[in-house]
Amino acid sequence: MLNRSLKLSKRMYHANASDFLKPTTLGSLVYGKDSMQYKVLSHAMDVSVPIYGFNERAIVHSLNVLKLPSSMLSVISSSNPPSFLHSSPALMELIKFHLVDKRYKTVAGIDPEAADEELPSLESLLLKRLKLNAPIASRLSQVLSQLAIPGPFLLNNALPELHRLSDDLLYFSNEKDHTDFAWYSKRLAISCTYVSSELFMSQDKSADFSQTFEFAQEKLHRVMKLGEYYNNTEEFTWYTMLSAVNLAKSQLARG
Amino acid sequence: MLRNSFPRISKRQFSRLSSLRATNATSKEPTKRSQNENRHFPLSEAQAAYLDRVVRVDQAGELGADYIYAGQYFVLSSKYPHLKPVLQHMWDQEIHHHKTFNSLQVKKRVRPSLFTPIWKLGAFVMGAGTAVISPQAAMACTEAVETVIGRHYNQQLRCLTNQFDLKKANGSVSVPPEVNSLTETIRQFRDEELEHLETAIEHDSKKAVPYMLLTEGIKGICKAAVWTAERI
């Protein structure tokens, strides 16, 4: 149990990509981009989920279309324990794939070493990630309810993926990163923004989800403003404290 | 003449286009392959976790050192002007160390220690508190802190030089350049920390009044802080 909860806080050192061979697996998935699982699941995400929603039938449909035996279903689900509420392990894998693959697609092709002016803004990356949800927006509530169920999947996959997403959004954008506690608060703020925008999106009926994007922009803006308020308060308090100490010192020196 | 104008085909090809494809592929491949040949296999999970922990704890440690000297300087600089350049020199070095690890932390995407605000406050209070007792007590504090830090850096160096021989794609075994540069950085910083230790002893740290109590207490605190910063 302790081990499991520690997984949440586990963050790996990111080595220089140019010195090492590419890893064969994609993030927290156990397979890479040229594997059969990837092929089936990405087909499912692109074609079947908009038709059938997030369930086993979507994966079976993709298997049929790709002319693969439907017993592949058990291969796909192999890395997952049976979940709470009897959702199929294959479905959990599909959801995991959705999270990981979309996260990689959001930041694909961005070179984080580039100068700040060339990097996209945090807001544009957040919107890009939300736009990737557009084809499955009507099925989003299914994913969100699966992700919110307390249990091992939440601790091992849902929350870590959410925080990896906010970490990626920050790292690949021109937003300033922090070396102190603000590191945590900023990521938490972005995660909150993202989840609430996704919730909004699942109910959004406006054309091209314009209201969702408006909501996300405003929410992000508000959260950043909050950070600014905090920083200003801290700076002012620090200034007041120092000048008070110096005043006391000078008074003492006068005797 | 005629022989040179045609691409030489060693195997009999099934389609005419496949020879074209083959020459295209070979013209691109060698550069990519030789690049890959020179690359290391990825770090194992344990190695990545260890580097993660090294960067985090060193960042927290240098932050602490930075604030300890800030506290000492704050109290001592006006009362004991002869100590001012000594403290300033050590403080400047610590600021450089702190900045180096800050940039490593951001670049390597390591999370900082969760207790950063506590380290800041604690370090400043420790520096200022010992300096209030006496300048010798401040030096004893420096001595204790640098002893623990030096030992801890040595432990890290031992692990970094032992455990990071990675295989390359071409079969040779070597230490990846970024681990090497991290080792070099830590080695240099360790030497500078030990230099501070000597400076502290030269400035009468042994004459501090509750010497044993101060140094052993601070060593204990530092060890506990290192243990925590590595993990949380």
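Residues numbered from 1 in each chain as written. Chains lettered and ligands numbered in written order. Predicted model: local features only at pLDDT ≥ 70, side-chain atom pairs only at ≥ 80, totals over all residues. Heavy atoms only, no water.

A. Local environment of the overall build of chain B. In terms of regular secondary structure, chain B is built from eight helices and two strands. Beginning at the N terminus, the succession of helices and strands in chain B can be written as α-α-α-α-α-α-β-β-α-α. Counting contacts in chain B only where the partners sit at least 6 residues apart, residues at least 24 apart contribute 83% of the total. Only carbon and sulfur atoms are counted for the fraction: they give 59% of the accessible area of chain B, which is about 12,800 Å². (Helix = DSSP H or I, 4+ residues; strand = E, 2+ residues; numbered from the N terminus. Contact = heavy atoms within 4.5 Å. Areas by Shrake-Rupley, 256 points an atom, 1.4 Å probe, with all protein chains shown as cover.)

B. How the structure looks around the interface of chain B and chain A. Contact residues are listed per partner, giving 34 residues for chain B and 27 residues for chain A. Roughly 2,900 Å² of surface becomes buried between chain B and chain A when both sides are summed, with 60% attributable to carbon and sulfur atoms. By the criterion of area lost to chain A, the three top residues of chain B are R109(B), R111(B) and E178(B), representing 26% of everything that side buries. Connecting chain B to chain A are three salt bridges. Here D180(A) and K120(B) are joined by a salt bridge, their closest N and O atoms 3.4 Å apart. Where chain B touches chain A, the interface holds nine residue pairs in polar contact (both at pLDDT 80 or more). Mapped onto the side of chain B that touches chain A, the elements with two or more residues apiece are helix 3 (45-79), helix 4 (84-107), helix 5 (116-133) and helix 7 (177-202) of chain B. At nine residues, the largest contribution of residues to the side of chain B that touches chain A is made by helix 3 of chain B. (Buried area = accessible area lost by both parts, 1.4 Å probe. Salt bridge = Lys/Arg side-chain N within 4 Å of Asp/Glu carboxyl O. Polar contact = N/O pair within 3.5 Å; in protein donor to acceptor, adjacent residues only side chain to side chain.)

C. Region of the structure containing a negative patch on the surface. Together, D111(A), E113(A), D116(A), E117(A) and E118(A) make up a negatively charged patch on the protein surface. Given a relative accessible area of 43%, D111(A) falls into the partly exposed group. (Patch = residues over 30% accessible without salt bridge, like charges linked within 9 Å, V, L, I, M, F, W, Y side chains within 5 Å. Lys, Arg positive; Asp, Glu negative; His and termini not counted. Charge placed at Lys NZ, Arg CZ, Asp CG, Glu CD. Buried < 20%, exposed > 50% of the residue type's maximum accessible area, 1.4 Å probe, protein only.)

D. Region of the structure containing unusual backbone geometry. All names here are of chain B. Even without being a glycine, R109 presents a positive backbone phi close to 60°. Positionally, R109 belongs in the loop between helix 4 and helix 5. Residue R109 is classed as buried on the basis of its relative accessible area of 9%. Even without glycine at this site, D204 takes up a positive phi of about 65°. Assignment of secondary structure puts D204 in the loop between helix 7 and helix 8 (211-231).

E. Just the confidence of the model for chain A, in detail. All names here are of chain A. Of all residues in chain A, 94% have pLDDT values of 70 or greater, and the mean over the chain is 85. The secondary-structure element of chain A with the lowest mean pLDDT is helix 1 (residues 2-9), recorded at 48, while helix 9 (residues 182-203) shows the highest, at 91. Counting contacts from residues 1-6, a segment whose pLDDT is below 50, to residues more than four positions away or on other chains yields four contacts. (pLDDT = per-residue confidence, 0-100.)

F. Representation of the UniProt feature "domain: COQ9 C-terminal" (unreviewed entry) in chain A. Per the UniProt entry, the sites bearing "domain: COQ9 C-terminal" (unreviewed entry) are residues 156-227 of chain A in this numbering. Secondary structure content for residues 156-227 of chain A is 78% helix and 0% strand, while the C-alpha to C-alpha distance between its ends is 29 Å. (UniProt positions renumbered as here; feature names shortened; annotations may be inferred.)

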